Amino acid sequence: MTNSALEVKGLSKAYGEKSVLEDLSFSAALNDFSVICGKPGNGKSVLVRTIMGLEEIDAGQIFVRGVDVTNADPGSRDIGYIPQSFALYPHFSVRENIEYPLSLIKASAEVKAEAVERVSELLKITDLLNKKPVELSGGQKQRVAIARGLSKSTDVYVLDDPLVGLDFKLRERLIEDLRLTQEKLKVAFVYITSDPLEALQLAKTVLILAHGKIVQQGPLVDVYDTPLSLPAMTTLGFPEANVVSGSISGSTFKSAIFDAQVDITGNHTTAIAGIRPEGLLVGEHPGTISVGAKLTLMENLGSEFAAYVDVKGTQLVTVISRTDSESIKALESGNLTISIKPEAITLFDSVSEKKIGKGVSRV
Amino acid sequence: MSTTTVMKPSRRKGPISFLTILGWFTAILFFLPIAWIISTALKPKNTVLDIPPKFVFMPTFQNLVDAVSFSNTLQYFVHSAIYSFTSVFLAIFVAFLASYSFSRFKPAGTDFLMFLLLSTRFVPAAAFVIPFFQLFNVLKLKDSFLGLIIFYTMFSIPFSVWILKGFMDGVSTKFDETGMVYGASRWHIMFKVVLPQVRSGLVAAFVFNIIFVWNEFLFNFQLGGLKTYGIPVGLFTSITKGGQVDWSFVASIGTLYVMPLALVIFFFQKYLLVGLTFGTVRGEV
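Residues numbered from 1 in each chain as written. Chains lettered and ligands numbered in written order. Predicted model: local features only at pLDDT ≥ 70, side-chain atom pairs only at ≥ 80, totals over all residues. Heavy atoms only, no water.

**Re the sheet that holds strand 6 (residues 80-82) of chain A**
Sheet strands line up and pair through hydrogen bonds in the backbone, either parallel or antiparallel. Residue and element names in this part refer to chain A. Spelled out, the test is: A pair of strands is labelled paired if DSSP reports no fewer than 2 bridges between them. Each helix is a run of DSSP H or I of at least 4 residues and each strand a run of E of at least 2, with the numbering of both proceeding from the N terminus. For helices, the fitted axis covers only the stretch in contact; all axes are lines through C-alpha atoms, and the angles between them, taken along N-to-C directions, range from 0 to 180 degrees. Any two residues having at least one pair of non-hydrogen atoms within 4.5 Å are treated as being in contact.
Strands sit in the order 6-7-8-3-9-10 across an open sheet of six strands; the sheet is mixed. A single partner strand is all that each edge strand has here, and the edge strands are strand 6 and strand 10 (213-219). Taken pair by pair, the neighbouring strands of this sheet meet at an average axis angle of 15°, ignoring direction. One ladder, built from six bridges, connects strand 3 (residues 32-38) with strand 8 (residues 188-193); its direction is parallel. From the neighbouring strand, valine 35 faces strand 8, where its bridge partner is tyrosine 191. Running at roughly 150° to strand 7 (residues 156-160), helix 1 (residues 44-52) makes contact with strand 3, strand 6, strand 7, strand 8 and strand 9 (205-210) of the sheet.

In structure tokens:
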């Protein structure tokens, strides 16, 4: 027995020789917004399908509200589901689509009307109820799909990358809506995405999916600040963290582009250093490691720029504020110095990719 | 402020091109036999064989009335309607289930099975006639609606499965899965979720098969009998009533015979295109 809303234990799934999920475990609590974030090709869709019961598993157990549903029919798991591609029934009106999960359990007309009113107000789609899906825009369709997923009152919801392919503004709005919805309903939302920004914006708890496993689970800030493995660091964060390989000699990490003092546990001869973009500064700063660099690309992110620089053949990325005119001027000058904050360096084992140490501040 | 006027797409106007004329000419050429049948049915009996033929005449419905009241004519129509519609409806029901299964469960060797299914149509019908005749005699199915319906259902299934599978493949399995997650049964998903989305495929399969069965002569002649002959056979056996060919009679029966199909095709012609392309031009409907 367990108190989690959703718990997965030792889940494995392979297609022929190809293992997709391997001994994967995690749990999602009630009244929590859990985001499972993984790069494309890491088994997100398969994980969703196994949780929903649409795919048989090779090993492991799945619990919903503490009940083992490993071999239960999809319909009997009582999980609210919002599929990736809206999958709105084209021959139903918006209202009929939203009512559909309730119609299947033969709910009374009053219950259905009440549910439609509740969710359509929540998602601001009351004026669309009599339309057919074909008359809706992409964002409206997604809202309807979310409304349908929420119409049957339950306490566990799985959202399969519901915002993929929507335009930016719409995503921002829906992200806000989803967060508020979860807070209002005080239920378990398990949200699967490949977009680190969505994960950062939505998650209370974040779960990193890599190599068919949940490699780290915890409060968003903890996972972001203290990644316990290289995939945890590179999956969560935008732009993606910088990765530099090198060797260890004593308490020094040596790479082709910089050397740094590190605090390391265990015996290692090689290591991989991960540095988030905000760990790099433009220009010389006290207490940092300075390297000469060449600007290769400036990416405009709105309030900030992502600056891609070349340091002796290695591509690094840093973010600078739009108002930081000094750094922008330095970037444009061509003759550039990049400073690495030693405390921003996290060291990982070259083979297991697990965290083995950190950079030591020079001050 | 821009003053550009937005042109609505419209039919191209201007001089009629040579190709348009050629198209019309060809269409009329193909329609001539039908026009001849209908005009002959409406001509007074004594002017039918006039040379040169009369194009302007006072139409009469006497031939049609005569044809309908002649011995078994009405019965032939009833027989045709019974076995054609029943077998095609049955075939489409079976094909719907089969194509759902092919499309969703993809049993091992689906492609080969689909090929095998259609292979019954490779062999000329004449090769089947004698075996079927013997089989029907042994099973005492000759001259029975049950026998004819079984035969025509069997004959209509393969093509229907082909048409419907194309349509089913076009309906995302996401619909099935979403339904299942919400607790729908497979049966519910098939009939309430998928069926409404392949409606044009069902109509296309219906139209194609009804054309075939309605026109089928050989097997109705061999496997049927006086209790079950349809119009094609009825027309054939009554053609020489009174010792010589009665063209007014032939044309009248022909006109009545062609009507139901002409109406079906006229009202459902938009589905024929999607049917012919196995659902790949769904947007056209």
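**Things to note about the domain arrangement of chain B**
Residues and elements named next belong to chain B. Our working definition: Each domain's extent was defined by an automatic or database domain assignment. Here the quantity called buried area is the accessible surface, traced with a 1.4 Å probe, that two parts lose on coming together, added over both. A pair is scored as a salt bridge if a Lys or Arg side-chain nitrogen falls within 4 Å of a carboxyl oxygen belonging to Asp or Glu.
In terms of domains, chain B is made up of domain 1 (15-60) and domain 2 (71-276). Look at where the C-alpha atoms of domain 1 and domain 2 centre, and you get two points 32 Å apart. Each side of the interface is counted separately: domain 1 has eight residues, and domain 2 has seven residues. Of the roughly 670 Å² buried at the junction of domain 1 and domain 2 (both faces included), carbon and sulfur atoms supply 75%. Interface area lost by domain 1 to domain 2 is led by Ile37, Ala41 and Lys45, which between them contribute 46%. On the surface where domain 1 and domain 2 come into contact, there are zero salt bridges.

**Digging into the pattern of salt bridges**
Residues and elements named next belong to chain A. Just so we agree on the cut-off: Each residue gets one of three labels from its accessible area relative to the maximum for its type: buried under 20%, exposed over 50%, partly exposed in between, using a 1.4 Å probe on protein chains only.
Overall, the coordinates contain 14 salt bridges over all chains when judged by the stated rule. A salt bridge links aspartate 177 to arginine 143, with the nearest nitrogen and oxygen atoms 3.3 Å apart. Pair noted here: aspartate 177 is in helix 5 (residues 168-185) and arginine 143 is in helix 4 (residues 138-151), with a separation of 34 residues, a long-range link. Assigned by exposure class, aspartate 177 and arginine 143 land together as buried.

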